[in-house]
Amino acid sequence: MQFTLNLSLLLIASVSAFAPANLSAPKVAQSALFMADGEGVQPVRIGTRGSPLALAQAYLTRKLLIEKYPELSEEGAIEICVMKTQGDMILDKSLMELGGKGLFTKELDTALLGDEVDICVHSMKDVPTWLPDGTVLPCTLEREDTNDAFISGDEDIQCLDDLPDNAVIGTASLRRQAQLMAKNPTWKCVNFRGNVQTRLRKLDDGIVDATLLAIAGLKRMDMDGCATTVLDWSEMLPAVAQGAIGIQCRSDDERSLNYIKGLNHEETFSAVICERAFLEALDGNCKTPIAGQARIVDGKIQFKGLISMPDGSVTFTTESEGEVADAVAIGKAAGEKLKADAGDKFFEMMVEMSPQQVIGQLPKKD
């Protein structure tokens, strides 16, 4: 499959999908366009990372705010403020080597607490289970499809089962690696970071045989046509909070709170807090292969979770169901169950493994 010819057009189209026609590029706000002394209101400043996916999500938030609150449709009423995070700037190391927690949020947290922005838009799977004092995350937008997409560089390989022994798969996710290697221990997973366009370009260059990406991100950038197939939960259980967009603000900012609470999708919010409670109970981060998904079916919340050794040699799973009002308790209980099932030795072994043992560092060889 050849992606190169379409990547530039896809990048332009995906980022501009939610941008107003007269906006050439997002930039950090230098001054308030509306004053709070009776002449108008200060603009709502949206903090975001600068990747194409992050920008698409920020512009989606802008679009929803304007639809919900007509006063925000005035030119300059909403500003997109772009910043780079540590996770964006260091691409030659795996997430495990970088430390795991807050890699894509710390700089946004700092800007929020420093009153440089009013709200921050996050991919919820990047947000640590703890939030900085003085901030809250009261809003999740309606969730996109949570599944992973399998993307092959060979038209004869249409699904995971088509991959031959010793196939090389590009992924920076220990969760994906563990589930892949549990299926076939001969497969090799190599560190594969960068934005979506960069990863597809690497696939097109033959660095790996295949890769996996969240279908939600591809859909938000109108790039889901790049997916060879979408994997169901039995093939690849998604990450905690995958497919969900969260909006954070300062806890004492009533104006921002009122705006973003109006965008909250209750079912998504309940599912995400269940999953994050599961993750918190396991003290999970990018160093630990953990998957967890909740959904509401017939008025009940259903949860499925997984924890594994990075090589997929040992895996523990759990499933539970209960009242939506008990979402946090259900997630916490599931995490505590897997922690007890796995035992202390399991986690000690995880800590002792080096990044090179955990995820491959070598490109595909001819």
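### A few points about the packing of aromatic side chains
- For the structure shown, the criterion picks out four aromatic pairs.
- Between Phe278 and Phe303, the aromatic rings sit 4.8 Å apart at their centres with planes inclined by 55 degrees, giving tilted as the arrangement. Linking Phe278 in helix α10 (residues 266-281) with Phe303 in strand β12 (residues 300-308), this pair joins segments that are 25 residues apart in sequence. Per residue, the accessibility class of Phe278 equals that of Phe303, and both read buried.
- Ring centres 5.6 Å apart and planes at 85 degrees place the aromatic pair Phe316 and Phe346 in the edge-to-face group. In this pair, Phe316 is assigned in strand β13 (residues 315-323) and Phe346 in helix α11 (residues 327-352), connecting sequence segments 30 residues apart.

### A look at the sheet that holds strand β1 (residues 44-48)
- Pairing within the open sheet is mixed, and its five strands lie in the order β2-β1-β3-β10-β4. Edge strands, defined here as strands with exactly one partner in the open sheet, are β2 (78-82) and β4 (135-140). This sheet shows a mean twist of 30 degrees between the axes of neighbouring strands, independent of strand direction.
- Where strand β3 (residues 119-123) lies against strand β10 (residues 245-250), five bridges are found, and the strand directions are antiparallel. Looking at the pairing, Ser123 lines up with Ile245 of β10.

### Topic: the side chain of Ser308
- Looking at where Ser308 falls in the secondary structure, it is placed in strand β12.
- A polar atom in the side chain of Ser308 sits 3.1 Å from the side chain of Thr315.
- In contact with Ser308, other than residues within four places in its own chain, are Ala178, Pro289, Val314, Thr315, Phe346 and Met350.

### Brief notes about the nonpolar core
- Residues Met124, Cys274, Phe278, Leu282, Phe303, Ile307 and Phe346 are the most contacted members of the largest nonpolar core, which totals 26 residues.
- For this core, the elements supplying multiple residues, two or more each, are α10, β11 (290-297), β12 and α11.
- Residue contributions to this core peak at eight residues, all from α11.
- In this structure, Val44, Ala58, Ile80 and Cys139 belong to the second largest nonpolar core, which totals 23 residues.

### Some thoughts on helix α2 (residues 52-68)
- Compared with the 24 Å implied by 1.5 Å per residue over 17 residues, the 24 Å span of α2 between its first and last C-alpha is a close match.
- Those residues of α2 that fall on the buried side of the exposure criterion are Pro52, Ala54, Leu55, Ala56, Gln57, Ala58, Tyr59, Leu60, Thr61, Arg62 and Leu65.

### Some remarks on the sheet that holds strand β7 (residues 188-190)
- Strand order across the open sheet formed by five strands is β7-β6-β8-β5-β9, with mixed pairing between neighbours. The open sheet has two edge strands with one neighbour each: β7 and β9 (229-230).
- With two bridges joining them, strand β6 (residues 168-170) and strand β8 (residues 210-214) adopt parallel strand pairing. Pairing of Ile169 across the sheet is with Ala210, part of β8.
- Together, β5 (148-152), β6, β7 and β8 form the strand contacts of helix α6 (residues 174-183), whose direction differs from that of β8 by roughly 130 degrees.
- Lying on the sheet, helix α7 (residues 196-204) is in contact with β5 and β8; it crosses β8 at an angle near 165 degrees.

Reading the values: the criteria
- Residues numbered from 1 in each chain as written.
- Predicted model: local features only at pLDDT ≥ 70, side-chain atom pairs only at ≥ 80, totals over all residues.
- Heavy atoms only, no water.
- Phe/Tyr/Trp six-rings, centres within 6.5 Å; stacked < 30°, edge-to-face > 60°.
- Helix = DSSP H or I, 4+ residues; strand = E, 2+ residues; numbered from the N terminus.
- Buried < 20%, exposed > 50% of the residue type's maximum accessible area, 1.4 Å probe, protein only.
- Pairing = 2+ DSSP bridges.
- Axes fitted to C-alpha atoms, helices over the stretch in contact; angles between N-to-C directions.
- Polar contact = N/O pair within 3.5 Å; in protein donor to acceptor, adjacent residues only side chain to side chain.
- Contact = heavy atoms within 4.5 Å.
- Core = buried A, V, L, I, M, F, W, Y, C linked by side-chain atoms within 4.5 Å.
- Expected span 1.5 Å × (residues − 1).

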